[in-house]
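Residue-level structure breakdown
Now for the letters of each chain:
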Amino acid sequence: MYRRHDLVWLTPQGWDTALHGLQGSPRELALDWRTRSLPAVVRRSDPGTPAGLLCLGIPAPPDAHSGQKVRLGFAIERGHVAEVRPALALDQVEAPAAWQPGLASLGIALRAAGVDCRVFGSLAMQTLTGKAYLGASSDVDLLLRPLNGAQLEAGLALLARHAQSLPLDGEIEFPFGHAVSWKEWLGADAQTHDGADRVLAKHLDAVALMRRDELLAQFGVDGGCHG
């Protein structure tokens, strides 16, 4: 099963599909990715995407002058995927010096709690490409992937603690692939404890408001554990 933020390397036929019809800077971007054997990123499917196609994205570094970010989106047949890997782990990214101690501490604590945490967004792309994606206002986008309610609680507590000294952002990904902003989750938790409140959940195929107890049920626990 593919998940948002997964990294995908294409076959030659997959790159031919991605390049088809592209002109100008989008084509140059895709050609550079192909030449350097860089991965595309799994993104949410466009409305009406035929079954069997996988929607991918390639984000260019922000323009040095305007700050504009160009993102190329396309769809390929899943048979044209040569390799797929999860988003980068915390210990795989090359963070700026100011972030390194805090991220190292967070990584150690998350591993001790048994919580899988991945990195996506600008920091991940800068690590993968060696190009400048980070700016003064950039966040560290983290993807928390707990397997049960206890891991969810532990992971959220660690993110909230380290967010006091690091510009952390990102999502919780639940077992069925639904992803929720962890800041939104914590905000909802501070307001209500009945599990009936709804949060915006992103999935590979759709975006929808979902009850938090429905998301927690994916762990096989009742709505009494809210993290």
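Relevant structure appears above.
This section reports on the structure supplied with the text. Throughout this description, residue numbers start from 1 for each chain and increase along the sequence as written. Residue-level local features of this predicted model are given only where pLDDT is at least 70; pairs of side-chain atoms are given and counted only at 80 or more, and the full residue set underlies all totals for whole chains, interfaces and linings. In computing side-chain values, all of the structure's heavy atoms are included and hydrogens and water are not.

Topic: the overall build of the protein chain
- The helix count covers DSSP runs of H or I at least four residues long, the strand count covers runs of E at least two residues long, and both are numbered beginning at the N terminus. A count of helical and extended segments in the protein chain gives seven helices and 12 strands.
- Here the C-alpha coordinates of the protein chain stretch approximately 50 × 45 × 30 Å along the principal axes.
- In this scheme, a residue with accessible area under 20% of its type's maximum is buried, one over 50% is exposed, and one in between is partly exposed, where area comes from a 1.4 Å probe on protein chains only. By the burial criterion, 47% of the 227 residues in the protein chain qualify as buried.
- Partitioning the contacts of the protein chain with sequence separation of at least 6, the portion at a separation of at least 24 is 62%. Residue contacts are counted whenever heavy atoms from the two residues lie within 4.5 Å of one another.

Some points on the packing of helix α3 (residues 100-112) against helix α5 (residues 149-162)
- Two elements in contact, α3 and α5, have axes separated by 10 Å at closest approach and are oriented at 165 degrees. In terms of axis orientation, α3 runs roughly antiparallel to α5. The way α3 lies across α5 gives a crossing that is right-handed. Counting all contacts with α3, which are made through Gly102, Ser105, Leu106, Ala109 and Leu110, the residues of α5 involved are Gly155, Leu158, Leu159 and His162.
- Of the residues in the contact of α3 with α5, the class split is five nonpolar, four polar and no charged. What counts as an axis is a line fitted to C-alpha atoms, over the stretch in contact for a helix, and the angles between N-to-C directions run from 0 to 180 degrees. In these notes the angle categories are as follows: under 35 degrees is roughly parallel, over 145 is roughly antiparallel, 65 to 115 is roughly perpendicular, and the rest is oblique. A clockwise turn of the near helix away from the far one marks a right-handed crossing, whereas an anticlockwise turn of less than a right angle marks a left-handed crossing. Each residue is assigned to one of three groups, with Ala, Val, Leu, Ile, Met, Phe, Trp, Tyr, Cys and Pro labelled nonpolar, Asp, Glu, Lys and Arg labelled charged, and all others, Gly among them, labelled polar.

With respect to the packing of aromatic side chains
- When two rings of Phe, Tyr or Trp (its six-membered ring) have centres within 6.5 Å they constitute a pair, described as stacked for plane angles under 30 degrees, edge-to-face for angles over 60, and tilted for the intermediate range. Under the counting rule described, the total for this entry stands at two aromatic pairs.
- Ring geometry for Phe174 and Trp185: centres 5.2 Å apart, planes at 45 degrees, overall tilted. Placement of Phe174 in the loop between β9 (168-173) and β10 (179-181) and of Trp185 in helix α6 (residues 182-191) is noted, with a sequence separation of 11 residues between them. Side by side, Phe174 and Trp185 carry an identical accessibility label, which is buried.
- Pairing Phe174 with Phe219 gives two aromatic rings, centres 5.5 Å apart and planes at 45 degrees, and the pair type is tilted. Of this pair, Phe174 sits in the loop between β9 and β10 while Phe219 sits in the segment after α7 (212-216); the two residues are 45 residues apart in sequence, bridging distant segments of the chain. Accessibility assignment for this pair places Phe174 and Phe219 in one class, buried.
- Feature note: the residues Phe174, Trp185 and Phe219 constitute an aromatic cluster, connected by ring pairs.
- Geometry around Trp9 places Arg85 over its ring, the cationic atom sitting 4.3 Å from the centre.
- To sit over a ring, a charge needs its Lys NZ or Arg CZ within 6 Å of the ring centre and within 35 degrees of the ring normal. The ring of Trp185 is capped by Arg212, whose NZ or CZ atom sits 4.7 Å from the centre of that ring.

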